[in-house]
Amino acid sequence: QVQLVESGGGLVQPGGSLRLSCTASGNILHIYNMAWSRQVPGMQRELVATTTSGGGPNYADSVKGRFTISRDNAKKAVYLQMNSLKPEDTAVYYCNATVATFGAPYPNAYWGQGTQVTVSS
């Protein structure tokens, strides 16, 4: 099994910054895509940023120029640097990863438990 653990959420004023971290652990052979999504109660989960093991990042239009996704393959970690935060960025942020594990025929998607980000004055 694979576990993803997020950290770094919290309360921040508009215009402020936060850095989210997510670390994978478990029976990992290889991590393919890693991504951050967010969800507001009553709304669909929104994909915020993605990064592949060998390619460049992609961002939702709503966060381009403000958020930066990065990963550390050696640490099995993905990060989301969030700058110029706005109240509409308030949500629960989830990381997910597509992971190949020892003994499994195909990679599977795994999700973290989520971390709350609140942008408010």
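The structure this text deals with has already been given above.
Residues numbered from 1 in each chain as written. Predicted model: local features only at pLDDT ≥ 70, side-chain atom pairs only at ≥ 80, totals over all residues. Heavy atoms only, no water.

For the structure on display, the rule yields four salt bridges. For Glu46, the salt bridge goes to Arg38, with nearest N and O atoms at 2.8 Å. The class for Arg38 is buried, based on a relative accessible area of 7%. Between Asp89 and Arg66 there is a salt bridge whose closest N-O contact spans 2.7 Å. In this pair, Asp89 is assigned in the loop between β8 (77-82) and β9 (91-101) and Arg66 in the loop between β6 (58-59) and β7 (67-72), connecting sequence segments 23 residues apart. For the pair Asp89 and Arg66, a shared accessibility class is recorded, and that class is buried. Among the charged side chains, a salt-bridge network with shared partners connects Arg38, Glu46, Arg66 and Asp89. (Salt bridge = Lys/Arg side-chain N within 4 Å of Asp/Glu carboxyl O. Buried < 20%, exposed > 50% of the residue type's maximum accessible area, 1.4 Å probe, protein only. Helix = DSSP H or I, 4+ residues; strand = E, 2+ residues; numbered from the N terminus.)

You can see Lys86 is positioned in the loop between β8 and β9. The sequence separation of Lys86 and Pro14 amounts to 72 residues, and the corresponding C-alpha distance is 5.1 Å. When sequence neighbours within four positions are dropped, the list of residues in contact with Lys86 reads Arg66 and Val119. (Contact = heavy atoms within 4.5 Å.)

Coordinates in, geometry out; function isn't part of it.
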